[in-house]
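Each chain, letter by letter, is given below.
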Amino acid sequence: MNNFIFQNATKVYFGRGCVKEYLACLTKKAKTILLAYGGGSIRRNGIYDEVVGILQEKGKTIVEFSGIMSNPTYQKVQEGAKLAREHHVDMILAVGGGSTMDCCKAVSLAARYSGDIWEDFWARPGVIDFEPLPLGVIVTVAGTGSECNGGAVITNEEKRVKTGRDYPQLNPRFALMDPTYTFSVPKGQMISGSFDILSHIMETYFSEPNEDNVSDDIMEALMRSVIRNLRIAIQAPEDYTARSNLMWDSTMAENRVIKMGKKCDFECHNMEHQLGAYTNCNHGCGLAVLHPVYYRHIYREGLPKFVRFAEHVWGIARDGKTDEELALAGINALANFIKEIGLPTTLKELGAKREQLKEIADSCGISQGSYKAMTHEEILEIFQECYE
Ligand code: NZQ
Ligand code: ZN
């Protein structure tokens, strides 16, 4: 196992009724709260009324910051920071999914920083030597795991770059996670969010070291859990057990626990983020198109792990197969699962234009943790293979 330092500052309150039980206490010290949310799903499913009711009962001043779009933009971050400054907000409460949480992490930084946060913290790694505005989150959709890390993925539309950084100081102070809040998530989003969870785990699992390490064992259990519970939730969207497991799988995949001692790849994320910057595609859908094709490019360099994946995650028996055949059977099982759950399999379906592929490929970051170091030429090959 590689050396590591582990810290996770977010306190999680998980389970049915947790918002009603804990929100008032968690916001006790705040006078003015920036209530941040997305396109309005929380107004339709009753979450808004529940949250606002609790805050109003305690006499809080609420400043609304709404309309946070999927794939939040740097411009939206600046809008939130302006509101927070103008109203002397002393806490941000983000109610939503990865987009709302990520946008609010960036707002919490920008509200307390006079410079350009894109240039100083996203374009390159920066040093946060001041206290960002305190942030608490109420999670309404499982997928990104943003509730328990300092990662914030922001799209700079002007520069056509979508990128994230993980600053421990941006971990939310608390995360309220009620699985029943996810019952109303549209089926397509539930599926793409669940694939995002699977992707986070695979991006970590398929990286060195390959020697016996507890992170790989945990990840195999998590991957099986996502696959099993997603199948159940597709049939029964209000199955509390399945939704609870998916919600916690999502956190476990991105709360840094499984990354300990691992190099981590995240090349599929690098590629998807740039596809997103050009097409504004759904994050989980973009990942679903890329993963099987990318893995067919790299499996030979990580053969023992791909064999383990086939056996331990998909339960494929060796039955006289060579290592290479077994590894490919595991990748095929992943591709079949993507089809089974109805995710897209081509970049064309995501709205990418063939003539743009080279420009997008050239703009992708190159991971240092991949079993096989990519080149921009090979990324273009991958894009072309899954174009249509
Ligand atoms: O905007 P509203 O109206 O709320 O609707 C949202 C949105 O349309 C809807 N939704 C959320 N909760 C709902 C609901 N609809 C009904 N009932 C509910 N309870 O779901 C849609 C998607 O929401 P969004 O927040 O965009 O999805 P997700 O959580 O997948 O976040 C995606 C963003 O997170 C980034 C992605 O790149 C993308 O920008 N990521 C963040 C990461 C991190 N911070 O650690 C890691 C990830 O790899 C990822 O890159
Ligand atoms: Zn992701």
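Residues numbered from 1 in each chain as written. Chains lettered and ligands numbered in written order. Predicted model: local features only at pLDDT ≥ 70, side-chain atom pairs only at ≥ 80, totals over all residues. Heavy atoms only, no water.

Novice: I'm lost on the coordination of the zinc ion (ligand 2) in this one. Help?
Specialist: Six octahedral donors at a metal ideally form angles of 90 or 180 degrees, and four tetrahedral donors ideally form angles of 109.5 degrees. All of the protein donors around the zinc ion (ligand 2) are Asp196 (OD), His200 (NE2), His269 (NE2) and His283 (NE2); their distances to the metal are 2.0 to 2.1 Å. In primary sequence terms, the donor set of the zinc ion (ligand 2) follows D-x3-H-x68-H-x13-H. Of this pair, His269 sits in helix α10 (residues 267-279) while His283 sits in helix α11 (residues 283-298), placing them 14 residues apart in sequence. Just as His269 is buried, His283 falls in that class too. (Donors = N, O, S within 2.8 Å, 3.2 Å for Na, K, Ca; no water. Helix = DSSP H or I, 4+ residues; strand = E, 2+ residues; numbered from the N terminus. Buried < 20%, exposed > 50% of the residue type's maximum accessible area, 1.4 Å probe, protein only.)

Novice: Whenever I open this one, the environment of Ser41 confuses me. Can you help?
Specialist: Within the secondary structure, Ser41 sits in helix α2 (residues 41-44). Along the backbone, Ser41 and Asp216 are 175 residues apart, and their C-alpha atoms lie at a distance of 36 Å.

Novice: What is the right way to look at the sheet that holds strand β4 (residues 91-96) in this model?
Specialist: Strands in a sheet are paired, the pairing made by backbone hydrogen bonds, and the direction either parallel or antiparallel. Across the sheet, which stays open at both edges, the six strands sit in the order β1-β8-β5-β4-β2-β3 with parallel pairing between neighbours. On the outer flanks of this sheet lie β1 (11-14) and β3 (61-65), each paired with one strand and no other. Along the sheet, successive strands turn relative to each other by an average axial angle of 20 degrees, direction set aside. In the sheet, β4 pairs with strand β5 (residues 135-139) via five bridges, with the strands oriented parallel. Within the sheet, the bridge partner assigned to Val95 lies in β5 and is Ile138. Packed on one face of the sheet, helix α1 (residues 18-26) meets β1, β4, β5 and β8 (174-177) and runs near 160 degrees to β8. Strands in contact with helix α3 (residues 47-57) are β2 (32-37), β3, β4 and β5; relative to β2, the strand with the most contacts, it is inclined by about 175 degrees. (Pairing = 2+ DSSP bridges. Axes fitted to C-alpha atoms, helices over the stretch in contact; angles between N-to-C directions. Contact = heavy atoms within 4.5 Å.)

Novice: I would appreciate a short explanation of the pairing of strand β7 (residues 161-166) in the present structure.
Specialist: For a regular strand, side-chain orientation follows a simple rule: the groups alternate between the two sheet faces. Note: strand β6 (residues 151-156) against β7, six bridges, orientation antiparallel. Residue pairing across strands places Asn156 opposite Val161, the latter belonging to β7. Between β6 and β7, which pair antiparallel one after the other, the connecting turn spans four residues, and Arg160 there sits at a positive phi close to 55 degrees.

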